[in-house]
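Report on the structure
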Amino acid sequence: MVDSTTSIRMVNKKLIVPNQVTIPFISGDGIGPDVTAATQSVVNTAIDKAYQFERKIIWKEVLAGEKAFHQTGEWLPQETLNAFSDYIVGIKGPLTTPVGGGIRSLNVALRKDLDLYVCLRPVRYFQGINAPVKHPEIVDVTIFRENTEDVYSGIELEADSQESKMFLDWLQLQLPDSYQKIRFPRSVGLGIKPISKEGSLRLIQAAIEYAIRNRKPTITLIHKGNIMKFTEGAFRLWGYDLAESEYKDFIYTSRQFENTKKNAGITEANKEKEWALSNGRIWMNDVITDAAFQNLLLYPQDFSVIATSNLNGDYLSDALAAQVGGIGISPGANINYQTGIAIFEATHGTAPDIAGKNLANPSSLILSSVLMLEYLGWNEAAKLITKSLEKTINNGQLTRDLAQFVIGSTLMSTSEFATAIINNF
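A brief look at the structure comes next. All values reported here derive from a predicted model rather than from experimental measurement.

The secondary structure content of the protein amounts to 16 helices and 17 strands. Over its C-alpha trace the protein gives a radius of gyration of 23 Å, about what one expects of a compact globule, namely 22 Å for 425 residues. By residue count, 52% of the 425 residues in the protein fall in the buried class. Considering only intrachain contacts with a sequence separation of at least 6, the fraction spanning at least 24 residues in the protein is 74%. Of the roughly 20500 Å² of accessible surface on the protein, a fraction of 51% belongs to carbon and sulfur atoms. For the protein, the centre of its 41 positive side-chain charges and the centre of its 46 negative side-chain charges are spaced 5 Å apart.

Moving on, we come to the sheet that holds strand E12 (residues 282–288). Judged by pairing direction, the sheet is mixed, and its eleven strands sit side by side in the order E4-E3-E5-E15-E14-E6-E7-E13-E10-E12-E11 without closing on themselves. The open sheet is flanked by strand E4 (56–61) and strand E11 (251–253), the only strands paired with a single partner. Averaged over neighbouring strand pairs, the angle between their axes works out to 25 degrees when direction is ignored. Pairing of strand E10 (residues 218–223) with strand E13 (residues 305–308) involves four bridges; the strand directions are parallel. Looking at E13, one finds that isoleucine 222 is bridged to threonine 308.

Our focus in this paragraph is a nonpolar patch on the surface. Taken together, the side chains of Leu297, Leu298 and Tyr299 define a hydrophobic patch exposed on the protein surface, amounting to about 310 Å² of accessible area. If you trace the backbone, leucine 297 turns up in helix H11 (residues 289–298).

To continue, consider the nonpolar core. Ranked by size, the top nonpolar core spans 91 residues in total, and within it Ile57, Val89, Phe144, Ile208, Phe344 and Leu373 carry the most contacts. No other element matches helix H13 (residues 363–376), which puts nine residues into this core. Apart from the residues lying within four places of it in its own chain, the contact partners of phenylalanine 344 are Val89, Gly90, Ile91, Lys92, Gly332, Ala333, Ser368, Leu371, Met372 and Tyr375. With 16 residues, the next largest nonpolar core counts Leu81, Leu106, Ala109 and Ile343 among its residues.

Another point: the pairing of strand E7 (residues 140–146). Two faces belong to every sheet, and in a regular strand the side chains alternate between them. Of all seven residues making up E7, six are buried, and the element is well covered by its neighbours. Pairing of strand E6 (residues 118–124) with E7, which is carried by seven bridges, proceeds in the antiparallel orientation. Within E7, the position partnered with valine 123 by the bridge is valine 141.

The residue arginine 121 is located in strand E6 in this model. A distance of 3.4 Å separates a polar atom in the side chain of arginine 121 from a polar atom in the side chain of serine 317. A distance of 3.4 Å separates a polar side-chain atom of arginine 121 from the backbone oxygen of proline 331. Ignoring any residue separated from it by four or fewer positions in sequence, one finds arginine 121 in contact with Val141, Thr142, Ile143, Ser317, Asp318, Ile327, Ser330, Pro331, Gly332 and Thr347.

Right, let's talk about the packing of aromatic side chains for a bit. Enumeration over the complete set of coordinates arrives at eight aromatic pairs. Plain terms: the ring middles of tyrosine 252 and tryptophan 275 are 5.6 Å apart, the flat faces sit at 75 degrees to each other, and that makes the pair edge-to-face. Residue tyrosine 252 is located in strand E11, and its partner tryptophan 275 is located in helix H10 (residues 266–278); the two are separated by 23 residues in the primary sequence. You can call tyrosine 252 buried: its relative accessible area is 11%. Aromatic side chains tyrosine 252 and tryptophan 283 sit 6.0 Å apart centroid to centroid with 40 degrees between the ring planes, which places their arrangement in the tilted category. Here tyrosine 252, found in strand E11, pairs with tryptophan 283, found in strand E12; they are 31 residues apart in sequence, far enough to count as distant. Accessibility expressed as a relative area gives 6% for tryptophan 283, which makes it buried. Chaining the aromatic ring pairs together yields one cluster made of Tyr252, Trp275 and Trp283. If you follow arginine 124 out to its NZ or CZ, it ends over the ring of phenylalanine 126, 3.9 Å from the centre. The ring of tyrosine 152 carries the charged tip of arginine 145 above its face, separated from the ring centre by 5.2 Å.

What follows concerns H11. Along H11, the positions that sit buried rather than exposed are Thr289, Ala292, Asn295 and Leu296. Burial along H11 is one-sided: seen end-on, the buried residues are contained in an arc of 110 degrees. Here the buried face of H11 lies against E10, helix H8 (232–246), E12, E13 and helix H12 (310–323).

Cut-offs applied
Residues numbered from 1 in each chain as written. Predicted model: local features only at pLDDT ≥ 70, side-chain atom pairs only at ≥ 80, totals over all residues. Heavy atoms only, no water. Helix = DSSP H or I, 4+ residues; strand = E, 2+ residues; numbered from the N terminus. Rg over C-alpha atoms; globule rule 2.2 N^0.38 Å. Buried < 20%, exposed > 50% of the residue type's maximum accessible area, 1.4 Å probe, protein only. Contact = heavy atoms within 4.5 Å. Areas by Shrake-Rupley, 256 points an atom, 1.4 Å probe, with all protein chains shown as cover. Lys, Arg positive; Asp, Glu negative; His and termini not counted. Charge placed at Lys NZ, Arg CZ, Asp CG, Glu CD. Pairing = 2+ DSSP bridges. Axes fitted to C-alpha atoms, helices over the stretch in contact; angles between N-to-C directions. Patch = residues over 30% accessible without salt bridge, like charges linked within 9 Å, V, L, I, M, F, W, Y side chains within 5 Å. Salt bridge = Lys/Arg side-chain N within 4 Å of Asp/Glu carboxyl O. Core = buried A, V, L, I, M, F, W, Y, C linked by side-chain atoms within 4.5 Å. Polar contact = N/O pair within 3.5 Å; in protein donor to acceptor, adjacent residues only side chain to side chain. Phe/Tyr/Trp six-rings, centres within 6.5 Å; stacked < 30°, edge-to-face > 60°. Lys NZ or Arg CZ within 6 Å of the ring centre and 35° of its normal. Arc of directions from axis to C-beta.

Structure representation (structure tokens):
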């Protein structure tokens, strides 16, 4: 039974958040309970301090993963999905994806079943962490990864299966030129990669509105459209069309520039970008995926907001996180900006080898809770946690995963790290 007095409502695309709000949470598998307990202690104390006990989160545990399977026989009970729908905002620790049996990834299932079409991954550096690049401090990028399409929602046909043979027979009869592109048709596994106009536009629109709201200078569409012209190439074209038709007062695109100056070089393009930025416009451009990986390493300052498809976003978000020290300090959120439903999550795995040993780094989930507080509009508590986390890390108070690379650091357990953050408020 949903308590209407402590539940969030969505009115005219705006969240109405009571001072005492129920937040469903999944503690997670492996190290999940360790990092969840640490996160809740930090969040509770920050809210008390920021609002003098006038606001409060009522934590409501819901089940998924191994704990759910042991208690209910289901990996993802319908009751859990209902709770996230009813209470709108939730948070989760890492979940195990069971091997075999055709069971979907639980994370993918949550995103698809609740239509959480944006995977939001902000990546930045914290002073005091030993990162593998020379200047990690210039990395400040927010990735908008489409969450519900691409190969994660694709159709796969196993090699030599009856379904595969039927499809190949149809392809050979109806589209013989396409069939000829398959080099080894007798032993080929097949996949269909769906990318729709509607799915692309709502993701890119979320990225644009985020950039406008947060005064970000650039939006980059990352794609492999030079090869996959009608999926990722279409993603690029739809993005430009949206920006140029509905956001022309806010955005100037590289396509507009290229259309007016067909033979312009890089120098002229950079001048045009500087003109757009100096006149209060956001500069939108596009980069092919393989070049984007290179450029994010060489010129991370050229990126601020990225909009990309599902598989590209999966690769890019983890690779970019590695540049600032790893996914252990990277937050994540899965959001539907139309319904308001959002689940904030740890971006790392379950690390079963250290489960229950009070050794895990809770920073990813703590930073995801910061995103959650910002989403609720509780910015004072969010800023309090962020500043304290910055101070704690810069003081060299680190969990094992980070301390091993920082000479002179103070090794802390999961709970000790949470206490250090609280003490540094």
